[in-house]
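Observations on chain architecture
Here's the letter readout for the chains.
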Amino acid sequence: MSKLVLHLEDGTTLDIPLDHERITIGRRADNDVCLPNLAVSGEHAAVVTILADSFLEDLGSTNGTLVNGNAIVKHFLRDHDEIDVGRHKFVYCVDENEVVSSQYVARGMRAAAGDLGDQVQVAKPLTRSRRTGGGTRSRTSVGLGKDSEPAKPRAVKSTTTAVRSTLVEGPAEAPIPPAPKPSVKVLAGPQAGREIPLTKEETSIGRAGIQVALISQAGDAFRLKSIEGNRAPLVNGKPAAGAGVDLSSGDVIEIAGSKLEFVYRP
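The structure presented is a predicted model; accordingly, all values stated were derived computationally and were not measured.

1. Description of the sheet that holds strand β18 (residues 221-228)
Spatial ordering of the open sheet is given by β16-β17-β18-β21, a layout of four strands whose pairing is antiparallel. Only two strands of the sheet have a single partner each, and these edge strands are β16 (202-207) and β21 (245-247). Strand-to-strand twist across the sheet, computed as the mean angle between neighbouring axes with direction ignored, equals 30°.

Structure (structure tokens):
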């Protein structure tokens, strides 16, 4: 996993793992990387990571975002690219275990743009976290120095309306049984116990060239009719001749030397 290494003027560094698809950098407290000083825009830049590739995007900041000294709008990050956001220096590393040399610290803080001068304070690391969805997402934050007040998150007015609910205890509801599925079950022979689901409006059963019948469905009604063979199949021991026989669950069908049970309880 790749990371950003933030270099601070006191010689320390702060690793920022790129473990989310989008990580924002800016002055506002709701950014993933918070740099609360005047040289940084409220929402300054973002790093978008897709699989092993990361892209840096300037979000219309006032002072711009630099990569290796050049202003960018959108940039495909490469190993050891140096990123300037305000007076802060980041180094992009493909390997999260790499230790970046402190050589960047001395030249890592460029002068603030415009006439901000000493208004921009030295930053030091803070640690914050926020919860998103079902898990906790870590947020890397950089606060102000000891002589300045740290930036405070904006108050968010709740728009949630309280709802009073009354719980009435009663007997537990019985589980809803699954919807019945019509089928024919083999009663004898090597395939005894096998169930053949009737999933179509018409299903043929039997043995081609010897004896075949058709089971047709109309709503919850099923009807068996002979369509091939010198003899009609039997339903509960009686021939299903002519227009056929309406089937009820438990009826036994004898056809082509096999016994089948029609199973369906709507």
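2. Overview of unusual backbone geometry
One non-glycine residue, His80, adopts positive backbone phi at about 75°. Residue His80 is classed as partly exposed on the basis of its relative accessible area of 33%. The phi dihedral of Asn236 falls on the positive side, at around 55°, and the residue is not glycine. Tracing the sequence through the fold places Asn236 in the loop between β19 (234-235) and β20 (238-239).

3. Comments concerning the pairing of strand β6 (residues 53-58)
Judged by which residues are buried, β6 turns out to be one-sided: Ser54, Leu56 and Asp58 face inward and are buried, whereas Asp53, Phe55 and Glu57, on the alternate face, are not. Bridging between strand β5 (residues 45-50) and β6 involves six bridges; their strand directions are antiparallel. Of the residues in β6, the one forming a bridge with Val48 is Phe55. Here β5 hands over to β6 after two residues, with Leu51 in that stretch at a positive phi of 55°. Pairing geometry for β6 and strand β9 (residues 74-76), over three bridges, is antiparallel. Note on β9: the bridge partner recorded for Leu56 is His75.

4. Considerations on the environment of Asp32
Tracing the backbone shows Asp32 in the loop between β3 (22-26) and β4 (33-34). For the pair formed by Asp32 and Arg22, sequence separation is 10 residues and the distance between their alpha carbons is 9.1 Å. Polar contacts involving the side chain of Asp32 include one to the main-chain amide nitrogen of Thr24, which spans 2.9 Å.

5. Quick notes on the environment of Arg27
Position of Arg27 relative to the elements: it lies in the loop between β3 and β4. Once the C-alpha coordinates of Arg27 and Gly42 are considered, the two residues, 15 residues apart in sequence, prove to be 4.4 Å apart. With residues near it in sequence (within four places) discarded, Arg27 still touches Cys34, Leu35, Pro36, Asn37, Leu38, Val40, Ser41 and Gly42.

6. Things to note about the sheet that holds strand β8 (residues 70-72)
In space, the six strands of this open sheet follow the order β2-β1-β11-β10-β7-β8, with antiparallel pairing throughout. At either margin of the open sheet sits one strand with a lone partner, and together these are β2 (13-17) and β8. Between one strand axis and the next, the sheet turns by 30° as a mean value, whatever way the strands run. One ladder, built from three bridges, connects strand β7 (residues 65-67) with β8; its direction is antiparallel. From the neighbouring strand, Thr65 faces β8, where its bridge partner is Ile72.

Conventions and cut-offs
- Along each chain, the written sequence defines residue order, and numbers are assigned to residues from 1.
- Only residues with pLDDT of at least 70 are given local features in this predicted model, and only at 80 or more are side-chain atom pairs given and counted; all residues enter the totals for whole chains, interfaces and linings.
- Each side-chain value is derived from all of the structure's non-hydrogen atoms; neither hydrogens nor water enter the calculation.
- A pair of strands counts as paired when DSSP detects no fewer than two bridges linking them.
- Segments assigned H or I by DSSP are reported as helices when at least four residues long, segments assigned E as strands when at least two residues long, and all are numbered from the N terminus.
- In this description, a line fitted to the C-alpha atoms serves as the axis of each element, helices being fitted only across the stretch in contact, and the angle between N-to-C directions of two axes falls anywhere from 0 to 180 degrees.
- Only protein chains enter the area calculation, which uses a 1.4 Å probe; residues under 20% of their type maximum are buried, those over 50% are exposed, and those in between are partly exposed.
- Think of a polar contact as two N or O atoms within 3.5 Å of one another; within protein, one of them needs to be a possible hydrogen donor and the other a possible acceptor, and neighboring residues in sequence only count if both atoms come from side chains.
- When checking whether two residues touch, look at their non-hydrogen atoms; a contact exists if any pair is within 4.5 Å.

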